[in-house]
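Next come the chains, spelled out residue by residue.
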Amino acid sequence: GLELAALVGLIDPLRPEARAAVTRCAEAGIRVIMVTGDHPVTALAIARDLGIASSPEDVVAGSDLSPDRPEQFRAAVQRARVFARVAPEQKLLIVEAAQAAGHYVAVTGDGVNDAPALRRANIGVAMGRGGTDVAREAAGLVLSDDNFATIVNGIEEGRIAYQNIRNVVYLLIAAGVAEVLTVGFAVLVGLPLPLLPVQLLWLNLVTNGIQDVALAFERGRGDELRAPPRRPGESVFDRLMIERGLLAGFWMAGVAFLAFVGMLEAGLPLEEARNQLLLLMVLMQDVDAFNARSETRSVFRIPLRNNPLLAIGVAVALLLHVSAMHTPFLQRVLELAPLGNVERTVLPLLAISLLLVMELHKLSWKWRRGT
């Protein structure tokens, strides 16, 4: 005796930023897959709103996934963008199939049935607000706001941090190579030590002790998510890192050694030659700190406002060294002395040569890569 009065439909609406987050993932080379227990029609409708899928061919139902046919299973994982009506054990199999295909897999989930996939994934991300305790314990990361866009923002910040680490490593390698080679060249040809041990310690203090810390605070340029993801097994010391480190190190060492030889042949006292050489090394490493801000982008295209701390650090380091050259106590300890007007002009020009060399290398690298 009941009479139908109305039909009520309920929907869990997408967050406003969800579609934009999925688009940013696509730009970053990250493939987003929806794995759900919903009906395929429902899953496709949501996937269309997100921009993940566009046609029914992009959807695979759990009933079509059989672990007894591994080749077909792997092909479905490679092709499909949406998996609907999926059982908990199938979520785990999907993760394992993606990993077997060479993908680095992150899984998000909030329920008990997501726990096996969260634990098996390379990175399991659980929801902090609506997620179950089991999901949070199985995951490696927990989102406090349950927002997918937060994951994308985290990826961007991670890429910035990784690039800053590479920049700092490059700066340390180049400086170390330059110092070792400068001393090594002099020893090989029978010259006196170009820098005393205490001068080398001071050099590292006023360059690597300040600039590398400031370099770690370099802000992103906004294009981090437009670069393809790096391979999980990729080493920090790749070809680009080695090329840049050796080129900068050898150039600084070559300029420093030739300058040292030229000063001695010109009749300069050994102490004065070391004094000028130390300032030259400080200036070159200061220049290299700005060059280290990007591996491929010209230093003239990166505004200083992206990292004012670096500019302040370089200025403070240079001021410390110049002050030491005019402070009687440090003059005695470090064997320093003020310079004349000619040296104040020539040494900065020699240091700037490093910037020109590294700018040419960046252009060469882009040309070789066709970018």
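Everything in this summary refers to the structure shown in the same document. (Residues numbered from 1 in each chain as written. Predicted model: local features only at pLDDT ≥ 70, side-chain atom pairs only at ≥ 80, totals over all residues. Heavy atoms only, no water.)

**Notes on the overall build of the protein chain**
Inference 1: In terms of regular secondary structure, the protein chain is built from 14 helices and 6 strands.
Inference 2: Against the 2.2 N^0.38 benchmark of 21 Å for 371 residues, the protein chain shows a C-alpha radius of gyration of 29 Å, more extended than a compact globule.
Inference 3: Classification of the 371 residues of the protein chain by burial places 43% in the buried group.
Inference 4: By sequence separation, contacts in the protein chain at least 24 residues apart represent 67% of the contacts at least 6 residues apart.
Inference 5: Summing over all exposed atoms, the protein chain offers an accessible surface of approximately 19700 Å²; the carbon and sulfur share of this is 63%. (Helix = DSSP H or I, 4+ residues; strand = E, 2+ residues; numbered from the N terminus. Rg over C-alpha atoms; globule rule 2.2 N^0.38 Å. Buried < 20%, exposed > 50% of the residue type's maximum accessible area, 1.4 Å probe, protein only. Contact = heavy atoms within 4.5 Å. Areas by Shrake-Rupley, 256 points an atom, 1.4 Å probe, with all protein chains shown as cover.)

**Concerning the packing of aromatic side chains**
Inference 1: A complete count under the given rule lists 1 aromatic pair for this structure.
Inference 2: When the ring of Phe185 is compared with that of Phe257, the centres are 5.7 Å apart and the planes differ by 70°; the resulting orientation is edge-to-face. Remark: Phe257 occurs in helix H10 (residues 239–265) and Phe185 occurs in helix H7 (residues 148–188); sequence separation between them is 72 residues.
Inference 3: Classification of Phe185 by relative accessible area gives partly exposed; the value is 25%.
Inference 4: Looking at Phe257, the relative accessible area reads 15%, which means it is buried.
Inference 5: Arg244 extends its terminal NZ or CZ atom over the ring of Tyr170, reaching a point 4.0 Å from the ring centre.
Inference 6: Its end group placed over the ring of Trp365, Arg369 keeps NZ or CZ at 4.0 Å from the ring centre. (Phe/Tyr/Trp six-rings, centres within 6.5 Å; stacked < 30°, edge-to-face > 60°. Lys NZ or Arg CZ within 6 Å of the ring centre and 35° of its normal.)

**Some points on the side chain of Glu295**
Inference 1: Mapped onto the elements of the fold, Glu295 is located in the loop between helix H11 (270–291) and helix H12 (308–325).
Inference 2: Within the structure, the side chain of Glu295 is placed 3.2 Å from the side chain of Gln163, a separation counted as a polar contact.
Inference 3: A distance of 2.8 Å separates a polar atom in the side chain of Glu295 from a polar atom in the side chain of Arg166.
Inference 4: If sequence neighbours within four positions are ignored, Glu295 has contacts with Gln163, Arg166, Asn167, Leu240, Met241, Arg244 and Lys362. (Polar contact = N/O pair within 3.5 Å; in protein donor to acceptor, adjacent residues only side chain to side chain.)

**Here's the deal with the sheet that holds strand E1 (residues 34–35)**
Inference 1: Strand order in the open sheet made by the 3 strands is E1-E3-E2, with parallel pairing throughout. The two strands at the open ends of the sheet, each matched to only one other strand, are E1 and strand E2 (59–61).
Inference 2: In this structure, E1 lies alongside strand E3 (residues 82–84), joined through 2 bridges in parallel fashion. Each bridged residue has a counterpart across the sheet, and for Met34 the counterpart in E3 is Val82. (Pairing = 2+ DSSP bridges.)

**Side note on a nonpolar patch on the surface**
Inference 1: Together, Phe237, Ile242, Leu246 and Phe250 line one region of the surface with nonpolar side chains, adding up to about 390 Å² of accessible area.
Inference 2: Turning to its location among the elements, Ile242 is positioned in helix H10. (Patch = residues over 30% accessible without salt bridge, like charges linked within 9 Å, V, L, I, M, F, W, Y side chains within 5 Å. Salt bridge = Lys/Arg side-chain N within 4 Å of Asp/Glu carboxyl O.)

**Observations regarding the pairing of strand E4 (residues 106–109)**
Inference 1: Only one face of E4 is buried, namely the one carrying Val107 and Gly109, since none of Ala106 and Thr108 on the opposite face is buried.
Inference 2: Where E4 and strand E5 (residues 123–127) come together, 4 bridges link them in parallel fashion. Counterpart to Ala106 in the pairing with E5 is Ile123.
Inference 3: The parallel pair E4 and E5 is bridged by helix H5 (residues 115–120), and the resulting crossover is right-handed. (Right-handed = clockwise from strand over helix to strand, strands pointing away.)

**Examining the pattern of salt bridges**
Inference 1: On inspection of all chains with the given rule, the structure shows 13 salt bridges.
Inference 2: Measuring nitrogen to oxygen at the nearest pair gives 2.8 Å for the salt bridge that ties Arg293 to Glu218. Remark: Glu218 occurs in the loop between helix H9 (211–215) and H10 and Arg293 occurs in the loop between H11 and H12; sequence separation between them is 75 residues. Comparing Arg293 with Glu218 shows no difference in burial state: the two are buried.
Inference 3: Residue Arg239 pairs with Glu243 through a salt bridge whose shortest N-O separation is 3.0 Å. Here Arg239 and its partner Glu243 are both found in helix H10, 4 residues apart, which amounts to about one turn of the helix.

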